[in-house]
Amino acid sequence: EIPKSVKARVGDNIESLLVVNPDLVILASYSGPEIAQQLKNAKVNVQIQKSFGGLKDIEDNIFELGRLIGKEKEAAATVAAMEKSIGEALKKQPKCSRQPTMIQYASSDILPGSETIIDDVAERAGFHNVLRDIKFKGWSLISHEVLVQQKPDFIIASAADARSKEELIEKLLHSAGWQKLEAVQKGRIILVPDRLLYTVSYHASELVTFLAELYQCSPKP
């Protein structure tokens, strides 16, 4: 649902964006550089947020936006609310003798290692990304030879990948690499709303709380 304060959604349509007559446009570093240049050519102030490698980056971006628009107190309140909700969710977790491990599924086999939001958020929620252990950084293509050597306790996947956990399991069981993972064979799947799994906004705290509330201790061997 679009907040009432948001006049329109324009995507990457520059013409539609200029019609809104913005005083400032915030872009992510991964946005096409031609978009920033077109806006600058149109005499629009542009601010590029560069880092999205973890929850702290998201919070720093919120502080930066607060400074830019003169809403420092509101930005601080937003970050404080994020940390409060995370803290409350973590208090409810069971005590585990071993940190449960995870890996995120993607049909492209381009998976997140360290220095990604899902890696950092999962760690905050109590899960350990097994790809950290093989020095896998950023979003990179993983070979099936490397994939089958991983032993995550749980698979995290987007709810957009299947209508149900059962449907996703069936899909993974027909994938040459994923079918070898015990987490797939045992059905240890965590489906996450797509809007949360790939967020780069304050909703990242919701992703932490979502995972924290589904937190389970590592299954016994």
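Our structure is the block above this text.
Residues numbered from 1 in each chain as written. Predicted model: local features only at pLDDT ≥ 70, side-chain atom pairs only at ≥ 80, totals over all residues. Heavy atoms only, no water.

Give me the layout of surface pockets: which residues, what numbers.
The computed volume of the second largest pocket comes to approximately 240 Å³. Taken together, 15 residues form the lining of the second largest pocket, with Lys-151, Pro-152, Asp-153, Glu-182 and Arg-188 sitting closest to its centre. Broken down by class, the residue content of the lining of the second largest pocket amounts to five nonpolar, two polar and eight charged. (1 Å grid on protein atoms, 1.4 Å probe; cavity = no way out; pocket = protein on both sides within 12 Å on 5 of 7 lines; lining within 4 Å. Points joined across faces, edges and corners; volume = space filled by probe spheres on them. Nonpolar A, V, L, I, M, F, W, Y, C, P; charged D, E, K, R; others polar.)

Can you tell me about unusual backbone geometry, naming the residues and giving the values?
In the Ramachandran plot, Lys-43 falls in the positive-phi region, its phi being about 65° despite a non-glycine side chain. Note on placement: Lys-43 falls in the loop between helix H2 (33–41) and strand E2 (45–49). Of note in the backbone geometry, Glu-115 takes a positive phi value of approximately 65° without being a glycine. Locating Glu-115 in the fold gives a position in the loop between strand E4 (110–112) and helix H5 (117–125). (Helix = DSSP H or I, 4+ residues; strand = E, 2+ residues; numbered from the N terminus.)

Please provide a residue-by-residue account of the side chain of Thr-116, values included.
Along the chain, the position of Thr-116 falls in the loop between E4 and H5. Side-chain polar atoms of Thr-116 contact the backbone oxygen of Gly-113, separated by 2.7 Å. Discounting residues that sit within four places of it in the chain, Thr-116 has contacts with Gly-53, Gly-138 and Trp-139. (Polar contact = N/O pair within 3.5 Å; in protein donor to acceptor, adjacent residues only side chain to side chain. Contact = heavy atoms within 4.5 Å.)

How would you sum up the pairing of E2? Please name residues and give values.
In this sheet, E2 lies alongside strand E1 (residues 24–28) in parallel orientation, the contact comprising five bridges. Opposite Ala-28, over in E2, you have Gln-49 as the bridge partner. Regarding topology, H2 serves as the crossover connection from E1 to the parallel E2, and that connection is right-handed. (Pairing = 2+ DSSP bridges. Right-handed = clockwise from strand over helix to strand, strands pointing away.)

Which residues make up the packing of helix H3 (residues 55–69) against helix H4 (residues 72–91), and what values go with them?
Look at H3 against H4: their axes get within 7 Å of each other, and the N-to-C directions meet at 160°. By the criterion of interaxial angle, the relationship of H3 to H4 is roughly antiparallel. Where H3 crosses over H4, the two elements pack in a sense that is right-handed. Contacts between H3 and H4 involve Leu-55, Glu-59, Ile-62, Phe-63, Gly-66 and Arg-67 on the former and, on the latter, Glu-72, Ala-75, Ala-76, Thr-78, Val-79, Met-82, Glu-83 and Ile-86. (Axes fitted to C-alpha atoms, helices over the stretch in contact; angles between N-to-C directions. Parallel < 35°, antiparallel > 145°, perpendicular 65-115°, else oblique. Left-handed = near helix turned anticlockwise from the far one by under 90°.)

So what about the packing of aromatic side chains? Which residues, and what values?
Taken as a whole and judged by the stated rule, the model has five aromatic pairs. Their ring planes at 70° and their centres at 5.5 Å tell us that Phe-127 and Tyr-215 sit as a pair that is edge-to-face. On the criterion of sequence distance, the pair formed by Phe-127 in the loop between H5 and strand E5 (128–129) and Tyr-215 in the segment after helix H10 (204–213) is long-range, its members being 88 residues apart. For the pair Phe-127 and Tyr-215, one class covers both residues: buried. Each member of the aromatic cluster is reached from another via a ring pair, and the members are Phe-127, Phe-154 and Tyr-215. (Phe/Tyr/Trp six-rings, centres within 6.5 Å; stacked < 30°, edge-to-face > 60°. Buried < 20%, exposed > 50% of the residue type's maximum accessible area, 1.4 Å probe, protein only.)

Lay out the packing of H4 against H10 with the relevant residues and their values.
In the contact formed by H4 and H10, the axes pass within 9 Å of each other and the chain directions differ by 5°. As summarised for this structure, H4 and H10 are arranged roughly parallel, according to the angle between their axes. Of the residues in H10, those touching H4 at Met-82, Ser-85, Ile-86, Ala-89 and Leu-90 are Ser-205, Val-208, Thr-209 and Ala-212. The residue inventory of the contact of H4 with H10, partitioned by class, reads six nonpolar, three polar and no charged.

Account for the nonpolar core, naming residues and giving values.
By size, the foremost hydrophobic cluster in this structure holds 29 residues, and its most contacted members are Phe-127, Ile-156, Ile-190, Val-192, Leu-207 and Leu-211. Apart from residues lying up to four places away in sequence, Ile-156 is in contact with Met-102, Ile-103, Gln-104, Tyr-105, Ile-190, Val-192, Leu-197 and Leu-211. With 20 residues, the next largest nonpolar core counts Val-130, Leu-168, Ile-169 and Ile-189 among its residues. (Core = buried A, V, L, I, M, F, W, Y, C linked by side-chain atoms within 4.5 Å.)

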